[in-house]
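# Overview (structure and organization)
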Amino acid sequence: MPGTDTAAPVIEMRHVNKTFGNLQVLKDINLSVQTGEVVVVIGPSGSGKSTLCRTINRLESIDSGEILISGEPLPEEGSELAAVRAELGMVFQSFNLFAHMDILKNVTIGPTEVLGMSREDAEREAMELLERVGVASQAKKVPAQLSGGQQQRVAIARSLAMHPRAMLFDEPTSALDPEMINEVLDVMVNLASQGMTMIVVTHEMNFARRVADRVVFMADGEILEEGAPEEFFEHPKTDRAREFLDSIRGH
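What this report covers is the structure whose coordinates are included nearby. If you're wondering where the values come from, they're calculated on a predicted model, not measured in any experiment.

### Structural notes on the pairing of strand 1 (residues 11–20)
Inspection of the sheet shows strand 1 paired to strand 2 (residues 23–33) by seven bridges, in the antiparallel sense. Within strand 2, the residue paired with T19 across the bridge is Q24. The antiparallel pairing of strand 1 with strand 2 creates a hairpin that spans two residues between the two strands, and G21 there sits at a positive phi of about 60°. Two elements, strand 1 and strand 4 (residues 64–69), share five bridges in a ladder whose sense is antiparallel. Bridging across to strand 4, I11 finds its partner in I69.

### A word on the layout of surface pockets
By volume, the largest pocket amounts to about 470 Å³. As for the largest pocket, its lining consists of 20 residues, of which R85, M90, R158, S159 and M162 are closest to the centre. Broken down by secondary-structure element, the contributors of at least two residues to the lining of the largest pocket are helix 2 (78–87), strand 6 (88–91), helix 3 (103–113) and helix 5 (148–160). Classifying every residue of the lining of the largest pocket by side-chain character gives 11 nonpolar, six polar and three charged.

### Details of empty space enclosed by the protein
Using the criterion set out here, one finds one cavity of 30 Å³ or more in the structure. In this structure, the largest cavity encloses a volume near 50 Å³. It is helix 6 (residues 178–193) that contributes the most residues to the lining of the largest cavity, three residues altogether. Class assignment for the residues of the lining of the largest cavity results in four nonpolar, two polar and one charged.

### As for the pattern of salt bridges
According to the stated counting rule, one finds 14 salt bridges in the structure shown. Between E60 and K18 there is a salt bridge whose closest N-O contact spans 4.0 Å. One end of the pair, E60, is in the loop between helix 1 (49–55) and strand 4; the other, K18, is in strand 1, and 42 residues separate them in sequence. As far as the burial class goes, E60 and K18 line up, both buried. D220 is the partner of R240 in a salt bridge, and the nearest nitrogen-oxygen pair spans 3.4 Å. You can see R240 sitting in helix 9 (residues 239–249) and its partner D220 sitting in the loop between strand 9 (214–219) and strand 10 (222–227), a full 20 residues away along the chain. Among the charged side chains, a salt-bridge network with shared partners connects E12, R14 and E66.

### What about the nonpolar core?
By size, the foremost hydrophobic cluster in this structure holds 51 residues, and its most contacted members are I42, L130, I156, M167, F169, M188 and M198. I11, V41, C53 and L81 belong to the second largest nonpolar core, which has 28 residues in total.

### Things to note about the environment of F207
Inspection of the secondary structure assignment puts F207 in helix 7 (residues 205–211). Given the relative accessible area of 4%, F207 is considered buried. For the pair formed by F207 and A175, sequence separation is 32 residues and the distance between their alpha carbons is 16 Å. Setting aside residues up to four positions removed in sequence, F207 forms contacts with V40, L185, M188, V189, V200, T202 and A212.

### Examining the sheet that holds strand 5 (residues 72–73)
The sheet built from four strands is open, its strands ordered 2-1-4-5 with antiparallel pairing. In the strand order of this sheet, the two ends are held by strand 2 and strand 5, each with one partner.

### Quick look at the packing of aromatic side chains
Taken as a whole and assessed by the stated rule, the structure comprises three aromatic pairs. Ring centres 5.4 Å apart and planes at 45° place the aromatic pair F217 and F244 in the tilted group. Placement of the pair is F217 in strand 9 and F244 in helix 9, with a sequence separation of 27 residues. Taken as a pair, F217 and F244 share a single burial class, namely buried. Ring centres of F232 and F233 lie 5.3 Å apart, and the angle between their planes is 75°; this geometry places the pair in the edge-to-face category.

### What to know about the sheet that holds strand 6
With respect to topology, six strands assemble into an open sheet ordered 6-7-8-3-9-10, the strand pairing being mixed. Of all the strands in the sheet, just strand 6 and strand 10 have a single pairing partner and so form its edges. Each strand of the sheet is rotated relative to its neighbour by a mean of 15°, with strand direction disregarded. The sheet contact formed by strand 3 (residues 38–42) and strand 9 spans four bridges and is parallel. Counterpart to V40 in the pairing with strand 9 is V215. Contacting strand 6 and strand 7 (166–170), helix 5 crosses the sheet at an angle of about 170° to strand 6. The sheet strands contacting helix 6 are strand 3, strand 7 and strand 8 (198–201), and the helix crosses strand 8 at an angle near 150°.

How each quantity is defined
Residues numbered from 1 in each chain as written. Predicted model: local features only at pLDDT ≥ 70, side-chain atom pairs only at ≥ 80, totals over all residues. Heavy atoms only, no water. Pairing = 2+ DSSP bridges. Helix = DSSP H or I, 4+ residues; strand = E, 2+ residues; numbered from the N terminus. 1 Å grid on protein atoms, 1.4 Å probe; cavity = no way out; pocket = protein on both sides within 12 Å on 5 of 7 lines; lining within 4 Å. Points joined across faces, edges and corners; volume = space filled by probe spheres on them. Nonpolar A, V, L, I, M, F, W, Y, C, P; charged D, E, K, R; others polar. Salt bridge = Lys/Arg side-chain N within 4 Å of Asp/Glu carboxyl O. Buried < 20%, exposed > 50% of the residue type's maximum accessible area, 1.4 Å probe, protein only. Core = buried A, V, L, I, M, F, W, Y, C linked by side-chain atoms within 4.5 Å. Contact = heavy atoms within 4.5 Å. Phe/Tyr/Trp six-rings, centres within 6.5 Å; stacked < 30°, edge-to-face > 60°. Axes fitted to C-alpha atoms, helices over the stretch in contact; angles between N-to-C directions.

Laid out in structure tokens, this is it:
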């Protein structure tokens, strides 16, 4: 039964390893994310955070280990993989919007083409989602006419239109100007408060403190520690985490 304690984690990684050439970028990763949980993955650049995020819907293949979505092994290819990907919303650093389509079309194309929704239903829902992320007035513009922050909010609406069971965010604010970062983070805070299951790779420590149920700290391809935000930020257990926190505090 969904919602009970016995329900399988929405996302589970078991002993996942990944190499690029001679470099092992993920080392024996074990991670599980429950329904409604917000897990924020932090760590120095090159620690494997983005790769971890990208293996969850097989944008990167893994060398060994298992990835389970709601208790089912992640399919390797084909239509089964496409179906699982449709249920995992993914928001990247780059917004990946279709440049030649207006904003409304960007948000409705998935529901109409993949979910088989009628155009009317898809457009009605898309407008509600664009309203929710604060860009409904931009619906008839093409992406190039929007700011980076607006484009990223459209990308979030586009993912939500697919009714995902979880959302993956890979550095969603790192390509944005400082004044645009908060408008995207505010949308994510909202999502979290409404119970969306989320894995967020980010450098935004205030967001991690404020929104995470659990902070996962990675370095050199390993998860070195994980815990509640206040515990991690106030009492890191490993030297590596202490060094990382000191470096971002500017000590």
